[in-house]
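# Summary of structural features
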Number of protein chains: 2
Amino acid sequence: MNHFAFFFEPSLERCITMSKAVFYHAGCPVCVSAEQTVADSLKGDVEKVHLGEQSGRVAEAEAAGVKSVPALVINGQPFHINHGADLSALKS
Amino acid sequence: MNHFAFFFEPSLERCITMSKAVFYHAGCPVCVSAEQTVADSLKGDVEKVHLGEQSGRVAEAEAAGVKSVPALVINGQPFHINHGADLSALKS
């Protein structure tokens, strides 16, 4: 029998959070193409965030360095994929 | 025992060729970051082409719609990832 112990502490949690991939989009044709071809081809889970519908998360994307959508944030680094819309157009 | 038969014909070969992923880059820091984080996280094989060293393949990238590097071409569609250098700067 194996025994597992889980320890949580803020810096570790931050580490885990930063290693995930997030795909920010706005439902535009360029976004859909990037989602189906690039984001869905990545190993592991990719969280998809529609910034037009979840405007409360625009600030989070901006803080990660996202300037336009579609964009992937992987390990805290922003990767803009082609150009669908500027982030400024999605600010409410 | 299994028996395999392979049939080759031009249109099928083209189909197979178009379904592969090619990562075009020029060795720049933006390219290296995109390669290590996005291209290397894709499922399946990704061919990596350094257009500064393989200038004979610039025309192929251009024909696929690549305007700048780093860029991925997946199923014949170009995806520019951030911006390292314009393709025009790599033409010999």
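Throughout this description, residue numbers start from 1 for each chain and increase along the sequence as written. As a convention, the first chain written is A and the first ligand written is 1, with the rest following in written order. In view of the model being predicted, local features appear only for residues whose pLDDT reaches at least 70, and side-chain atom pairs are presented and counted only at 80 or more, with totals across whole chains, interfaces and linings using the full set of residues. The side-chain values count all of the structure's non-hydrogen atoms but skip hydrogen atoms and water molecules.

Chain A has the name Thioredoxin in an unreviewed UniProt entry, where Rhodopirellula europaea 6C is given as its organism.

All right, on to the interface of chain B and chain A then. Working rule for contacts: check all heavy atoms of both residues, and any pair within 4.5 Å makes them a contact. Counting residues at the interface gives 15 residues for chain B, matched by 15 residues for chain A. Salt bridge criterion: a side-chain nitrogen from Lys or Arg within 4 Å of a carboxyl oxygen from Asp or Glu. Summed over the shared surface of chain B and chain A, the number is zero salt bridges. Each polar contact in these results corresponds to two N or O atoms within 3.5 Å; when the atoms are within protein, one needs to be able to donate a hydrogen and the other to accept it, and residues that are neighboring in sequence are counted only if both atoms are side-chain atoms. For the interface between chain B and chain A, the tally reads ten residue pairs in polar contact (both at pLDDT 80 or more). Put simply, DSSP marks the helices as runs of H or I at least four residues long and the strands as runs of E at least two long, and each gets a number from the N terminus on. The leading source of residues in the side of chain B that touches chain A is strand β4 (residues 77-86) of chain B, at six residues.

Let us now look at the relation of the copies chain B and chain A. Overlaying chain B with chain A gives an RMSD of 0.0 Å, the required rotation being 180° about an axis along which the chain moves by 0.0 Å. When the rotation and shift are considered jointly, the pair of chain copies conforms to a two-fold rotation axis. Comparing contact sets, 100% of the residues at the interface of chain B also lie at the interface in chain A, consistent with an isologous, same-surface contact. Copies are brought into register by a least-squares superposition over C-alpha atoms of residues with pLDDT of at least 70 in both.

Residues and elements named next belong to chain A. Cysteine sulfurs are considered disulfide-paired once they come within 2.5 Å of each other. Within this structure, the stated rule accounts for two disulfides over all chains. With its sulfur 2.3 Å from that of its partner, cysteine 28 forms a disulfide with cysteine 31. Of note, the bridge from cysteine 28 to cysteine 31 carries an S-S torsion of about 65° and is right-handed in sense. A 1.4 Å probe rolled over the protein chains alone gives each residue an accessible area, and that area as a share of the maximum for its type sets the label: buried under 20%, exposed over 50%, partly exposed in between. For cysteine 28, a relative accessible area of 16% corresponds to the buried category.

pLDDT expresses how confident the predictor is about each individual residue, on a scale running from 0 to 100. For chain A, the average pLDDT comes to 85, and 78% of its residues sit at 70 or higher. Confidence drops under pLDDT 50 across residues 6-18 of chain A; counting only partners more than four residues distant or on other chains, this segment forms four contacts.

Tallied over the entire structure, the rule returns twelve salt bridges over all chains. The salt bridge partner of glutamate 60 of chain A is arginine 57 of chain A, with a shortest N-O separation of 2.9 Å. For lysine 48 of chain B, the salt bridge goes to aspartate 40 of chain B, with nearest N and O atoms at 2.6 Å. Several salt bridges share partner residues, and in doing so they unite Lys20, Glu47, Arg57 and Glu60 of chain A into one network.

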